[in-house]
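Listed below, chain by chain, are the residues.
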Protein chains: 2
Amino acid sequence: SKSNEPQKPPPVVHYYMNNATQTRDPAGNQEKVLILTPLARFYQEYWDNLIKITYPHDLISLGYIIPKTKEGNAAYAALQSQVTKTQSGPKNKRFASVTILRQDTENPLQTQLESERHKMENQKARRAAMAKARNSLLFTTLGPTTSWVMWLDADIVEFPATIIQDLADYDAPIIAPNCFQRYYDEKKKAMDIRPYDYNNWIDSPTAKELAAKMGKDDILLEGYAEMPTYRSLMAMMYDQSADRATKVKLDGVGGAALLVKADVHRDGAMFPPFSFYHLIETEGFAKMAHRLNWDSYGLPNYLVYHYNE
Amino acid sequence: SKSNEPQKPPPVVHYYMNNATQTRDPAGNQEKVLILTPLARFYQEYWDNLIKITYPHDLISLGYIIPKTKEGNAAYAALQSQVTKTQSGPKNKRFASVTILRQDTENPLQTQLESERHKMENQKARRAAMAKARNSLLFTTLGPTTSWVMWLDADIVEFPATIIQDLADYDAPIIAPNCFQRYYDEKKKAMDIRPYDYNNWIDSPTAKELAAKMGKDDILLEGYAEMPTYRSLMAMMYDQSADRATKVKLDGVGGAALLVKADVHRDGAMFPPFSFYHLIETEGFAKMAHRLNWDSYGLPNYLVYHYNE
Ligand SMILES: Nc1nc2c(ncn2[C@@H]2O[C@H](COP(=O)(O)OP(=O)(O)O)[C@@H](O)[C@H]2O)c(=O)[nH]1
Ligand SMILES: Nc1nc2c(ncn2[C@@H]2O[C@H](COP(=O)(O)OP(=O)(O)O)[C@@H](O)[C@H]2O)c(=O)[nH]1
Ligand SMILES: [Mn+2]
Ligand SMILES: [Mn+2]
């Protein structure tokens, strides 16, 4: 038998965690970035912008989690073909690695239509499912050498090619650009832009009072007329004429586009799929990070754009 | 330049998460087990028992996190030499992989002496640091193909070689053996055993009342006369004459030895380094898992032994 012959031992790897720095010059310091995208629908514009990212691609790993639905199957096929194309294209455009997870849980909503997704009674189950998907993706792809995690939803169809360097330059533990949407203004007969993501906010006394009166499993949701919170929404702070570099401190964040220092996640910050201080998913994540002494910031005048269905 | 030549594309990996099953016959189903050990001191007996584990070693990955202290350096050197020996020894005894992380944070306590470690005023900072160490280790080593996570402290110096199969056979999301300690009984002039780990418990009305009156950042600790909780401690349920298979439902668990289905962690269950329902670290983990609809169990009559300093 060959089993007693000396063979090359299986991999033993040693990591000094302080080598995975998180600096204002990530590319200069060879810092690895993990771009994580929960993916239910594939948009070509997302991919086209992704491959235009100027951060060195050999320092970028991509991670996807895709639901086991018919729509998920289509998204998976579309993603696959783009990945194959990019990873066999010019060497300097290839990403370091790509991980694609197929979820084992069912999607709690049958349809992905925006009108269904955003119904208030559907939000808790939906956001809990999204939180679990994000956690699964995060827990299984974050490595000991990852410096940054860039959360980027699949329906973010327009963002600057320098987004990683731009956001990292703030040296913030957690930082979110402002997520807008292009639309056709019927009155003006012209394209215009409008706020899309209401999950980036600064807390308010009203929201705190609402939370104090809630049952322990109840959650506060943002952007519903039935439950005005009077939080200061970053989406409403956009000022075209102001400095693009303006930074505000946030208490809740969205996950549409979000740069996170890997140490924040490594300390344990995840996306609570349950009511955490009456918050859930990405908003609960900001709160949990805060409990771990990591602050969240937002850039009201730095825009990324969400697909318009 | 060679950069335009077609080359082998970087790894693109696809995982179907429902392939990472967690069954009562883990070895039969080729389920991968990740053994995670936070390590401040190395004990040869721990390693001697680890390599005697009968679960197929090619399905086992080991993960360590070691503090950046003088004591940690010594533990690292001792671990290294044993790892090298095992991984270059007989092929069927080698583990699939070994990951060793050196922490970048300082240990909040100068000494690791049990008397210092267990002082009540030191517990919160210490357990918060332990929780972060466990989270770092977990978040960076858990992979998409991991089926089970076996938490095993480095000072668990005696445990059955069949521990993985034995615990998995209960098909429980989270399951803890009872952690005892051997000692010399001066009166009997003979070796005897006594309970060691008080973190495996069933909640009590007294503990709930204490918690209800606490400040939001305060934590309940178990095993301190100053703060009697009247919880039912699994450590006190051991009955030598009873069935070794007896299983009880737990509300708090310890991390000395603990088998966890990987899906529990993937859903987001981690070790809270902050007060979570007035619980912290492994006890907080059981509570968080419970919020994610995963139950914890314990085996009062299945013993593992902690080192006696
Ligand atoms: N893996 C996974 N991804 C999903 C699921 N539902 C939505 N997504 C993706 O998660 C991100 C956010 O979801 P989306 O429905 O756009 O949220 P909204 O824009 O806040 O309404 C997008 O990238 C979706 O493609 C799901 O059930 N599983
Ligand atoms: N990485 C790391 N491991 C630690 C640290 N302190 C203790 N450990 C290890 O964590 C486990 C539990 O700690 P221990 O001090 O034995 O806890 P106790 O038995 O509950 O008092 C043991 O395996 C220790 O070797 C630390 O600061 N960092
Ligand atoms: Mn969206
Ligand atoms: Mn110990």
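In this text, all values refer to a predicted model and were calculated from it rather than measured experimentally.

*Asks:* Can you help me understand the overall build of chain A in this one?
*Replies:* Along chain A, the regular secondary structure elements total eight helices and 13 strands. Radius of gyration (C-alpha) of chain A: 20 Å, near the 19 Å computed for a compact globule of 309 residues. Its C-alpha atoms give chain A principal-axis dimensions of about 75 × 45 × 40 Å. In chain A, the proportion of contacts linking residues at least 24 apart, taken out of those at least 6 apart, comes to 78%. Total accessible area computed for chain A in this model is approximately 13,000 Å², and 51% of it derives from carbon and sulfur atoms. Taken as two groups, the 36 positive and 37 negative side-chain charges of chain A have centres that lie 4 Å from each other.

*Asks:* I would appreciate a short explanation of the pairing of strand 8 (residues 190–195) of chain A in the present structure.
*Replies:* A regular strand carries its side chains on alternate faces of the sheet. Two elements, strand 7 (residues 174–185) of chain A and strand 8 of chain A, share six bridges in a ladder whose sense is antiparallel. Bridged to arginine 182 of chain A within strand 8 of chain A is isoleucine 193 of chain A.

*Asks:* Just checking my understanding: could you explain the coordination of the manganese ion (ligand 3) for this structure?
*Replies:* Residues and elements named next belong to chain A. Protein coordination at the manganese ion (ligand 3) comes from Asp155 (OD) and His306 (NE2), with a distance range of 2.1 to 2.2 Å. Within this pair, whereas aspartate 155 is found in the loop between strand 5 (146–152) and strand 6 (156–158), its partner histidine 306 is found in strand 13 (residues 296–306), the two being separated by 151 residues in sequence. Neither residue differs from the other here; aspartate 155 and histidine 306 are each classed as buried.

*Asks:* Explain the interface of chain B and chain A to me, please; I cannot follow it from the model alone.
*Replies:* Between chain B and chain A, the residue contacts involve 59 residues of the former and 59 residues of the latter. Buried area between chain B and chain A, both sides added, is near 5,000 Å², and the carbon and sulfur share of it is 57%. Looking at the side of chain B facing chain A, the largest losses of area belong to Phe139, Phe274 and Arg291 of chain B, adding up to 14% of the total buried there. Inspection of the region where chain B meets chain A yields two salt bridges. Aspartate 217 of chain B is the salt-bridge partner of arginine 291 of chain A, the closest N and O atoms lying 3.0 Å from each other.

*Asks:* Just to check I follow, could you spell out the environment of alanine 129 of chain A for this structure?
*Replies:* Residue and element names in this part refer to chain A. Following the sequence through the fold, alanine 129 ends up in helix 4 (residues 120–141). Exposure remark for alanine 129: the relative accessible area of 25% places this residue in the partly exposed category. In this structure, the C-alpha to C-alpha distance between alanine 129 and tyrosine 224, residues 95 residues apart in sequence, is 20 Å.

*Asks:* Explain the relation of the copies chain B and chain A here, please?
*Replies:* Look at the two chain copies: a rotation about an axis and a shift along it is all it takes to match them. Rotating chain B by 180° about the axis while translating it 0.0 Å along that axis superimposes it on chain A, leaving an RMSD of 0.0 Å. Those values place the two copies in the arrangement expected of a two-fold rotation axis. Proximity to the rotation axis, assessed at the C-alpha, singles out phenylalanine 139 of chain B in chain B; its C-alpha lies 2.5 Å from the axis.

*Asks:* Any chance you could explain the side chain of histidine 278 of chain B here in plain terms?
*Replies:* Residues and elements named next belong to chain B. Position of histidine 278 among the secondary structure elements: in the loop between helix 7 (262–266) and helix 8 (281–291). Residue class for histidine 278 comes out buried when judged on its relative accessible area of 14%. What histidine 278 contacts, discounting residues up to four positions off in sequence, is Ala211, Met214, Gly215, Lys216, Asp218, Ile219 and Leu220.

*Asks:* So what exactly am I meant to see when it comes to the pairing of strand 7 of chain A here?
*Replies:* All names here are of chain A. Burial analysis of strand 7 places ten of its twelve residues in the buried class, the great majority of the element. Direction of pairing for strand 7 relative to strand 12 (residues 257–261): antiparallel, over a ladder of two bridges. Following the sheet pairing, isoleucine 174 is matched in strand 12 by valine 260. Between strand 7 and strand 8, which pair antiparallel and follow one another directly, the connecting turn spans four residues, one of which, lysine 189, has a positive phi of 50°.

Here is what the cut-offs are and how they apply
As a convention, each chain's residues are numbered from 1 in the sequence order in which they are written. To label them, take the chains in the order written and letter them from A, then take the ligands in the order written and number them from 1. Restriction of local features to residues with pLDDT of at least 70 applies here, the model being predicted, together with a cutoff of 80 or more for giving and counting side-chain atom pairs; totals for whole chains, interfaces and linings are based on all residues. Values reported for side chains reflect all heavy atoms of the structure, with hydrogen atoms and water molecules removed beforehand. Secondary structure elements are defined from DSSP: runs of H or I of at least 4 residues count as helices, runs of E of at least 2 residues count as strands, and each element is numbered from the N terminus. We compute the radius of gyration over the C-alpha atoms and compare it with the globule rule, which gives 2.2 Å times the number of residues raised to the power 0.38. Only heavy atoms matter for contacts: two residues are in contact if any of them lie within 4.5 Å across the pair. A 1.4 Å probe and the Shrake-Rupley method give the accessible areas. Residues count as covered only by the protein chains that appear here. His is not counted, nor are the chain ends; Lys and Arg add positive charge and Asp and Glu add negative charge. Taken as the charge centre is NZ of Lys, CZ of Arg, CG of Asp or CD of Glu, depending on the residue. Pairing between strands is defined by DSSP: at least two bridges between them are needed. Here a donor is any nitrogen, oxygen or sulfur atom (N, O, S) within 2.8 Å of the metal, with 3.2 Å used for Na, K and Ca; water is not among the atoms considered, so some sites may look incomplete. A simple rule labels every residue: compare its accessible area, found with a 1.4 Å probe on the protein chains alone, to the largest value its type can have, and call it buried under 20%, exposed over 50%, or partly exposed in between. By buried area we mean the combined loss of accessible area, with a 1.4 Å probe, across both parts when two parts are placed together. Whenever Lys or Arg places a side-chain nitrogen within 4 Å of a carboxyl oxygen from Asp or Glu, that contact is recorded as a salt bridge. Only residues with pLDDT of at least 70 in both copies contribute their C-alpha atoms to the least-squares superposition of the copies.

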